[in-house]
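# Report on the structure
Take a look at the letters that make up each chain.
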Amino acid sequence: MKFLVTVKRVTDYEAKIKVKADKSGIVTDGVNMIVNPFDEIGVEEALRLKEKHGGEVVVVSIGDKDATQQIRSALAMGADRGVLVTSNDAELDSAGVAKILEKLVAEESPDMVIMGKQAIDGDSNQAAQMLAERLGWGQATFANTVTVEDGKVTVIREADGGLETVSCTLPAVVTTDLRLNEPRYASLPGIMKAKRKPLKEVSPADLGVDLALQVVVKGLEEPPQKSAGQIVPDVATLVDKLQNEAKAL
Amino acid sequence: MPNPLDFFAFEDLLTEEERAARDSVRRFVEAKVRPHVAQAWRDAAPLPIMRELAELGLFGATLDLGDGPTLNYVAYGLCMRELERADSCVRSMVGVQSNLCMYPIFTFGSAQHKEELLPQLAAGTLVGCFGLSEPDAGSDPGNMSTRATKVDGGWRISGTKRWITNGTLADIAIVWARTGQGASSIRGFVVPTDADGFSRHKLDGKQSFRASDTAELMLDDVFVPDEALLPGTDGLKSALAVLNQGRYGICWGVLGAAEDCFATALDFAKERMAFGRPIAGFQLVQQKFAQMSARLTHAQLLAWRFGRLKDEAVEKGGDIEGARTSMAKMANVETALHIARTCRDILGGNGIMDEYGIMRHMSNLETVYTYEGTHDVHQLVVGHALTGQSAFR
Ligand SMILES: Cc1cc2nc3c(=O)[nH]c(=O)nc-3n(C[C@H](O)[C@H](O)[C@H](O)COP(=O)(O)OP(=O)(O)OC[C@H]3O[C@@H](n4cnc5c(N)ncnc54)[C@H](O)[C@@H]3O)c2cc1C
């Protein structure tokens with residue numbers, strides 16, 4: 001089986017995010033960058049499926065040159081080779097990502113595309129769905145459990161009301177949820193081997209993709225500052241304040 | 001503003017792979033080690049993580065076990081720093097397995113030793129320890145009393161080894177014993193810990209290195225076959241060459257302990273109010289931080305230079321001079337201990353609580369100050385190199 005797995009370069013979830021003065025984006029100088037955690041779960045799942053069924057794991061990142069670091073992290077975990085589609089966040093929206101991946105799928109013919117349910121920076125939760133639609137493939141999102149059997153993938157997905165089981169004919173697009181697995185640590189030999197694994201670079205133009213933006217970010221705002229809390233003497237005062245000041249009850 | 005933990009952009013001196021190796025160990029430590037170190041200290045119980053450390057690929061990472069070394073010495077040092085950021089005992093657990101057990105087998109062992117033992121030690125399925133020190137011979141191991149006597153088909157070894165890290169966990173011990181008169185007759189042996197006449201017990205009552213397995217090994221006329229001898233060992237100098245590997249890891253490791261104390265104290269001082277302001281605003285407190293930061297910066301840069309020189313020397317088939325190793329061990333451990341003590345002071349009463357970890361680091365560093373050559377012994381080695389006169393004889 002061949003797996004195509006996305007690995008987006010995103011800001012560390014532990015980083016303190018600041019909006020740029022001109023509100024056009026966030027300050028990334030000095031901010032630690034990581035593999036989107038949902039993508040990392042995707043890499044882990046692909047590696048486990050490969051361990052079981054054999055095949056190849058190809059990881060792809062769409063981003064600037066620095067995203068090779070995230071590709072190398074996935075290669076260090078055990079993925080076989082990487083593709084970097086050179087671009088930058090400002091010229092991408094979910095539809096653009098889906099278009100690029102569609103072309104890569106045509107080139108690579110994977111049996112399964114595995115993506116994070118969302119990237120923890122933009123939190124759009126759209127690219128995978130759009131990709132499946134463009135490809136005319138089945139999609140199973142928010143995967144909690146993934147099983148492959150007889151040309152089909154069965155996914156237990158985390159729906160709002162509980163767990164839902166869906167089954168798609170392969171090839172298909174699967175997105176990962178948090179509880180799907182616990183990604184392995186890259187071993188030290190894995191890290192050293194990663195630098196010798198193939199990593200190809202292409203541009204959206206090479207792939208023949210036109211990235212006209214359909215969604216434009218007008219500006220970013222910091223969330224409102226939280227005001228300091230109050231300590232109340234007893235439960236009665238608390239209930240009173242909730243009722244009459246906060247009007248929460 | 002410079003990063004308080006990296007005032008002179010030490011980070012920029014590292015390659016991408018070196019950082020990647022460091023980051024992988026850091027993630028492991030944050031998830032699997034750090035949450036458990038305070039309890040391990042209270043329980044005086046080593047963390048059961050040998051297999052996970054092996055899976056990470058740390059054991060013997062600088063040795064060429066067939067495919068070339070996994071890590072250069074700088075990357076290895078960075079990994080030791082991450083382990084010791086959590087607890088010195090974890091760094092020591094790896095250091096003993098890698099440097100004090102695998103290294104002598106790799107350097108002085110027979111082809112059969114290497115083939116049989118190294119893969120198992122790397123995989124953590126076999127645990128090793130290093131027995132040089134004795135109850136009555138620490139700084140002066142040339143005067144050890146453990147003796148190996150040649151008999152038909154092998155050797156009979158008798159003696160007591162004390163302070164042995166990983167000693168009760170170990171499946172094999174590298175035991176150093178004299179085979180005749182004087183320090184030049186000392187040789188190393190691979191002794192299975194289940195051999196007849198071999199007994200051991202854990203040392204209780206430690207106020208330092210509580211999460212480390214420290215043991216006394218008693219060898220009462222233990223028979224080992226001829227093949228147990230590490231054929232390349234030739235006198236005390238072989239044992240000392242092994243210790244120089246361990247000292248390399250120490251020089252880096254202690255940076256982690258010092259940085260952890262420093263980061264904790266800095267956060268604390270910015271929050272802790274006294275006389276109506278954060279204590280970080282007082283001149284005396286700032287002086288402490290400024291001096292600690294300067295010393296930490298020296299220590300980081302020394303470790304880096306030590307690593308690069310060692311990598312160059314090892315690449316050429318040699319090793320870095322012992323006196324340089326002694327200076328690095330001496331200087332960096334002293335710095336780390338100074339920082340830990342000063343941070344303990346800055347936290348006031350909180351400084352003694354295990355919640356903050358500083359007292360634990362501080363007390364661990366007292367061991368590190370003493371083991372693998374005491375601070376004073378290393379000063380004498382450096383003194384010898386500088387003056388040409390040995391203070392030992
Ligand atoms: C937790 C722990 C783990 C250890 N793990 C191991 C291990 O795995 N394997 C192993 O073999 N050993 C191990 N050791 C032993 C350690 O290496 C020795 O404790 C150390 O070498 C010092 O020896 P000593 O304790 O006998 O002290 P001594 O040698 O008796 O030293 C006592 C004091 O005398 C000073 N001194 C000695 N000689 C001189 C001199 N010529 N001039 C000036 N001052 C001098 C020393 O600096 C020190 O201050 C461990 C020790 C500890 C505490």
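Residues numbered from 1 in each chain as written. Chains lettered and ligands numbered in written order. Predicted model: local features only at pLDDT ≥ 70, side-chain atom pairs only at ≥ 80, totals over all residues. Heavy atoms only, no water.

### Comments concerning the overall build of chain A
On a plain count of helices and strands, chain A comes out with six helices and 11 strands. Over its C-alpha atoms, taken along the principal directions, chain A stretches across nearly 65 × 45 × 40 Å. Of all 249 residues assigned to chain A, the portion counted as buried reaches 45%. Residue pairs in contact within chain A that sit at least 24 positions apart in sequence constitute 70% of those at least 6 positions apart. (Helix = DSSP H or I, 4+ residues; strand = E, 2+ residues; numbered from the N terminus. Buried < 20%, exposed > 50% of the residue type's maximum accessible area, 1.4 Å probe, protein only. Contact = heavy atoms within 4.5 Å.)

### Re unusual backbone geometry
Trans peptide bonds make up the majority, and among non-glycine residues the majority have a negative phi. Residues and elements named next belong to chain A. Each neighbour pair has its own omega, and for leucine 170 with proline 171 the value is 0 degrees, a cis peptide bond. For proline 171, the location among the structural elements is in the loop between β9 (162-169) and β10 (172-176). Even without glycine at this site, aspartate 123 takes up a positive phi of about 55 degrees. With respect to the secondary-structure elements, aspartate 123 resides in the loop between β6 (112-116) and α4 (127-135). Owing to a relative accessible area of 42%, aspartate 123 belongs among the partly exposed residues under this scheme.

### Comments concerning the site of the ligand
Residues and elements named next belong to chain B. In the vicinity of the ligand there are 17 residues, among which Ser133, Ser139, Trp163, Thr165 and Thr374 approach most closely. Separating an oxygen atom of the ligand from a backbone N or O atom of leucine 132 is a distance of 3.0 Å. At 2.7 Å, a side-chain N or O of serine 133 approaches a nitrogen atom of the ligand. Isolated, the ligand exposes 980 Å² of accessible area, and the fraction of that covered by the protein chains is 66%. Those elements that place two or more of their residues in the shell around the ligand are β3 (154-165), α10 (358-370) and α11 (375-387). If you tally residues by element for the shell around the ligand, the top one is β3, at three residues. By residue class, the composition of the shell around the ligand is eight nonpolar, seven polar and two charged. For the shell around the ligand, the domains that each give at least three residues are domain 2 (128-228) and domain 3 (236-387). (Near = heavy atom within 4 Å. Polar contact = N/O pair within 3.5 Å; in protein donor to acceptor, adjacent residues only side chain to side chain. Areas by Shrake-Rupley, 256 points an atom, 1.4 Å probe, with all protein chains shown as cover. Nonpolar A, V, L, I, M, F, W, Y, C, P; charged D, E, K, R; others polar. Domains from an automatic or database assignment.)

### Here's the deal with the pattern of salt bridges
Taken as a whole, this structure holds 44 salt bridges over all chains when the rule is applied. We note a salt bridge from A:Asp121 to A:Lys8, for which the minimum N-O separation is 3.1 Å. Taken together, the residues span a long stretch of sequence, with A:Asp121 in the loop between β6 and α4 and A:Lys8 in the loop between β1 (2-6) and β2 (9-11) at a distance of 113 residues. A salt bridge links A:Glu245 to A:Lys241; its shortest N-O distance comes to 3.1 Å. Judged by its relative accessible area of 24%, A:Lys241 falls in the partly exposed class. Three or more residues joined by partner-sharing salt bridges are found here, namely B:Arg26, B:Arg81, B:Glu82, B:Arg85 and B:Glu259. (Salt bridge = Lys/Arg side-chain N within 4 Å of Asp/Glu carboxyl O.)

### Brief notes about the packing of aromatic side chains
Evaluation of the coordinates by the stated rule reveals 11 aromatic pairs over all chains. Ring geometry for A:Tyr185 versus B:Phe28: centroids 5.8 Å apart, planes at 85 degrees, classification edge-to-face. With A:Tyr185 in the loop between β10 and α5 (188-194) and B:Phe28 in helix α1 (residues 16-33), the pair connects residues from two separate chains. Note on B:Phe28: relative accessible area 3%, which makes it buried. Taken together through their ring pairs, the aromatic side chains of B:Tyr73, B:Tyr248 and B:Phe306 make up a single cluster. Stacked on the ring of B:Trp155, the Lys or Arg B:Lys150 has its end atom at 5.5 Å from the ring centre. (Phe/Tyr/Trp six-rings, centres within 6.5 Å; stacked < 30°, edge-to-face > 60°. Lys NZ or Arg CZ within 6 Å of the ring centre and 35° of its normal.)

### Focus on the side chain of A:Glu40
Following the sequence through the fold, A:Glu40 ends up in helix α1 (residues 37-53). There is a polar contact of 3.0 Å between the side chain of A:Glu40 and the side chain of B:Arg27. The contacts of A:Glu40, once residues within four sequence positions are left out, are A:Val35, A:Met77, A:Pro183 and B:Arg27.

### So, the interface of chain A and chain B
At the interface, 12 residues of chain A touch 17 residues of chain B. Interface of chain A and chain B: buried area, both sides summed, is about 1,200 Å²; carbon and sulfur atoms make up 64% of it. In terms of surface lost to chain B, no three residues of chain A exceed A:Tyr185, A:Leu188 and A:Met192, which account for 52% of the buried area on that side. Inspection of the region where chain A meets chain B yields three salt bridges. Here B:Lys32 ties to A:Glu182 by a salt bridge, and the two come within 3.9 Å at their closest N and O atoms. Where chain A touches chain B, the interface holds three residue pairs in polar contact (both at pLDDT 80 or more). When residues of the side of chain A that touches chain B are traced back to their parent elements, those giving at least two are α2 (68-77) and α5 of chain A. A total of four residues in the side of chain A that touches chain B trace back to one element, the largest contributor, which is α5(A). (Buried area = accessible area lost by both parts, 1.4 Å probe.)

### What to know about the sheet that holds β1(A)
All names here are of chain A. Strand order in this open sheet of nine strands is β9-β8-β7-β10-β6-β1-β4-β5-β11, and the pairing throughout is mixed. The sheet is open, and its two edges are formed by β9 and β11 (199-202), each paired on a single side. Strand-to-strand twist across the sheet, computed as the mean angle between neighbouring axes with direction ignored, equals 30 degrees. Inspection of the sheet shows strand β8 (residues 152-159) paired to β9 by eight bridges, in the antiparallel sense. Counted as the bridge partner of glutamate 158 is leucine 163 from β9. Set on the sheet, α4 makes contact with β6, β7 (138-149) and β10; between it and β10 the angle comes to about 175 degrees. (Pairing = 2+ DSSP bridges. Axes fitted to C-alpha atoms, helices over the stretch in contact; angles between N-to-C directions.)

### Topic: the confidence of the model for chain B
Counting all residues, the mean pLDDT for chain B is 97, and 100% of those residues have values of 70 or more. As a predicted assembly, this complex carries a pTM of 0.90 together with an ipTM value of 0.87. (pLDDT = per-residue confidence, 0-100.)

### Description of the domain arrangement of chain B
Often, the extent of an interface is quoted as the loss of accessible area on bringing the components together. Residue and element names in this part refer to chain B. Each assigned domain of chain B is listed here: domain 1 (10-123), domain 2 (128-228) and domain 3 (236-387). Between domain 2 and domain 3, the C-alpha centre-to-centre distance is 29 Å. Each partner contributes to the interface: domain 2 provides 12 residues, whereas domain 3 provides 12 residues. Each partner contributes to the roughly 940 Å² buried at the junction of domain 2 and domain 3, and carbon and sulfur atoms together form 70% of this total. The tally of links from domain 2 across to domain 3 stands at zero salt bridges. Summed over the shared surface of domain 2 and domain 3, the result is five residue pairs in polar contact (both at pLDDT 80 or more). Looking at the side of domain 2 that touches domain 3, its residues break down into seven nonpolar, four polar and one charged.

### Structural notes on the environment of A:Leu180
Residue and element names in this part refer to chain A. You can see leucine 180 is positioned in the loop between β10 and α5. On the basis of relative accessible area, leucine 180 is assigned to the buried category, the value being 10%. Placed 97 residues apart in sequence, leucine 180 and valine 83 show a C-alpha to C-alpha distance of 24 Å. Leucine 180 has contacts with Ile41, Glu45, Ala143, Asn144, Thr145 and Val146, leaving out every residue within four places of it along the chain.

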